[in-house]
Amino acid sequence: MPTSLLFFSASTVRRLANTSSTSHVLRFDRRHLSSTTAVSNFDKLGCIGLGLMGHGIAQTAATAAAQHNIHSCIIAFEADQKFLDSGRDRIQKSVDKLVSKEKLTSADAEALMGKITFTTDRDSLNDTDLIVEAIIENMDLKKQLYSDLGQACKPETVFASNTSSLSITQMAEASGRPDKFVGVHFFNPVQIMKLVEVIRTDYTDETVFENTVTWVDQIGKVAVKCRDTPGFIVNRLLVPNLTQAMLMLERGDATTNDIDISMQLGAGNPMGPLHLADYIGLDTCLFIIQGWVNDFPNERAFVVPQILKDKVKKGDLGRKSGKGFYHWQGDRRGDPVE
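Figured I'd write up the structure that's included with this text.

Cut-off values and rules
Within every chain, residues take consecutive numbers counted from 1 along the sequence as written. Local features in a predicted model are, by the rule used here, given only for residues with pLDDT of at least 70; side-chain atom pairs are given and counted only at 80 or more, and totals for whole chains, interfaces and linings are based on all residues. Calculation of side-chain values draws on the structure's entire complement of heavy atoms; hydrogens and water are dropped beforehand. The rule for a salt bridge is simple: a side-chain nitrogen of Lys or Arg has to be within 4 Å of a carboxyl oxygen of Asp or Glu. Secondary structure follows DSSP: runs of H or I at least 4 residues long count as helices, runs of E at least 2 residues long count as strands, and numbering of each begins at the N terminus. For every residue, the accessible area (1.4 Å probe, protein chains only) is compared with the maximum for its type, and the residue is labelled buried under 20%, exposed over 50%, or partly exposed between those bounds. To get an axis, a line is fitted to the C-alpha atoms, and for a helix only the part in contact is used. The angle between two axes follows their N-to-C directions and goes from 0 to 180 degrees. Handedness of a helix crossing follows the sense of rotation of the near helix relative to the far helix, less than a right angle counterclockwise being left-handed and clockwise being right-handed. For this analysis, residues touch if any pair of their heavy atoms sits within 4.5 Å. Polar here means any residue other than Ala, Val, Leu, Ile, Met, Phe, Trp, Tyr, Cys and Pro, which are nonpolar, and Asp, Glu, Lys and Arg, which are charged; Gly is therefore polar. The definition of a polar contact used here is a pair of N or O atoms within 3.5 Å, where within protein one atom must be able to donate a hydrogen and the other to accept one, and adjacent residues in sequence count solely through side-chain atom pairs. Paired strands, in this sense, are two strands between which DSSP finds at least two bridges.

## Description of the pattern of salt bridges
Opposite charge on two side chains allows them to pair when their charged atoms are near.
Part 1 of the reasoning: Evaluated as defined, the whole model comprises 13 salt bridges.
Part 2 of the reasoning: Here Glu 299 makes a salt bridge to Arg 236, at a shortest N to O gap of 3.9 Å. Of this pair, Glu 299 sits in the loop between helix H11 (282–295) and helix H12 (306–314) while Arg 236 sits in helix H8 (residues 234–251), placing them 63 residues apart in sequence.
Part 3 of the reasoning: In this structure Arg 236 comes out as partly exposed when scored by relative accessible area, which is 27%.

## Let's talk about the packing of H8 against helix H9 (residues 256–267)
Part 1 of the reasoning: Relative to each other, H8 and H9 sit at 145°, their axes nearing to 9 Å. Taken as a pair, H8 and H9 cross one another with a handedness that is right-handed. Residue-level inspection shows Asn 241, Ala 245, Met 248 and Leu 249 of H8 in contact with H9, the latter providing Thr 256, Ile 259 and Met 263.
Part 2 of the reasoning: In the contact of H8 with H9, the residues fall into five nonpolar, two polar and no charged.

## Things to note about the environment of Pro 305
Part 1 of the reasoning: Relative to the helices and strands, Pro 305 resides in the loop between H11 and H12.
Part 2 of the reasoning: Counting along the chain gives 62 residues from Pro 305 to Thr 243, while the straight-line C-alpha distance between them is 6.6 Å.
Part 3 of the reasoning: Contact partners of Pro 305, with chain neighbours within four places excluded, come to Thr 243, Met 246, Leu 247 and Glu 250.

## A word on the side chain of Asp 179
Part 1 of the reasoning: The topology assignment puts Asp 179 in the loop between helix H6 (168–175) and strand E6 (181–186).
Part 2 of the reasoning: A polar side-chain atom of Asp 179 sits 3.4 Å from a polar atom in the side chain of Lys 180.

## Observations regarding the pairing of strand E9 (residues 326–329)
Part 1 of the reasoning: Residues Tyr 326 and Trp 328 of E9 are buried on one face, while the alternating residues His 327 and Gln 329, pointing to the opposite face, are not.
Part 2 of the reasoning: Pairing of E9 with strand E10 (residues 332–336) involves three bridges; the strand directions are antiparallel. Considered in E10, the bridge of Trp 328 is made with Arg 333.
Part 3 of the reasoning: The loop that links E9 with its antiparallel partner E10 comprises two residues; one of these, Gly 330, has a positive phi angle of about 65°.

## Focus: the environment of Leu 112
Part 1 of the reasoning: Looking at the element boundaries, Leu 112 is found in helix H4 (residues 106–114).
Part 2 of the reasoning: Spatially, the C-alpha atoms of Leu 112 and Gln 67 are 8.1 Å apart, while their sequence positions differ by 45 residues.
Part 3 of the reasoning: The contacts of Leu 112, once residues within four sequence positions are left out, are Ala 62, Thr 63, Ala 66, Val 95 and Leu 104.

## Comments concerning the sheet that holds strand E7 (residues 195–200)
Part 1 of the reasoning: Ordered in space as E3-E2-E1-E4-E5-E6-E7-E8, the eight strands form an open sheet in which the pairing is mixed. In this open sheet, the two strands that pair with only one neighbour each are strand E3 (116–119) and strand E8 (222–227). The mean inter-strand angle of the sheet, taken between neighbouring strand axes irrespective of direction, is 25°.
Part 2 of the reasoning: Direction of pairing for strand E2 (residues 73–77) relative to E3: parallel, over a ladder of four bridges. By the bridge assignment, Phe 77 is partnered in E3 with Thr 119.
Part 3 of the reasoning: Strands E2 and E3 of the sheet are contacted by helix H3 (residues 81–100), whose axis makes an angle of about 155° with E3.
Part 4 of the reasoning: On the sheet, helix H7 (residues 206–218) packs against strand E1 (44–48), strand E4 (130–133), strand E5 (158–161), E6, E7 and E8 and is oriented at approximately 175° with respect to E7.

Okay, structure coming up:
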């Protein structure tokens, strides 16, 4: 499955697609809403998944914990020891780099790492106050995880998914505590990007939602609020822009180069939409857009350009394959593909 991230140069944008909450609301009995009041202070944080996004979330939270005592501890969980070690190494290397650049003292680095407990024991998450999940974008896996967590964790624990492509509402329903479920959509690289989209469903308790917004602020990020809608804010605006550029090229309205230059010089974008699509990965773009079309066939803004299907079928995936709308040598973009 393609990566869940959209990269927008230093101003990274993320991948996505989310399912509308309204199509699922009527299937969940509101009598199942849990009655326990959620804690207002997320003292003990759990992080599930230490991959590209998860390790950054854990590091960011640990930094705030060490500097401002936001959390007493952070439980970083991976089911597989290999992935746990990899996540730990990623955080350590990132912290070491900050120390080498004198952006962090050795003492602060030690305090930061000391806030994180790395474990393969999922029961260690049971008494956490907030759990942020950043595992693979697979709804069945996420639903099973949240169903298990809903039964194992203390009633006050709030669940937050970092998904960029799946329905927050469906996961909330699977958890058995939909009033204590939110989305927290971080952007890559987490340690640098300031934005976090905080997502609510029709079930989300207002206090839980506002506590999550406050937590995002406490860890040094900027929170924006959105309901559970496809793409949230950023990607709902971004992805149709990419597909419209592809459709213009497909119709022969303008060339690849002229489309991208127009958006750079006319709209002030750091890179054009076709350049960005290549950078993200055309397979990822197709995965996102096709998911939207499948889930919302009557939404006219969601269209899969034939040119995108053709390129992915040929294995022309953009930067990662060396060829897409442009030729690539590593991260260096070449001329447009004729």
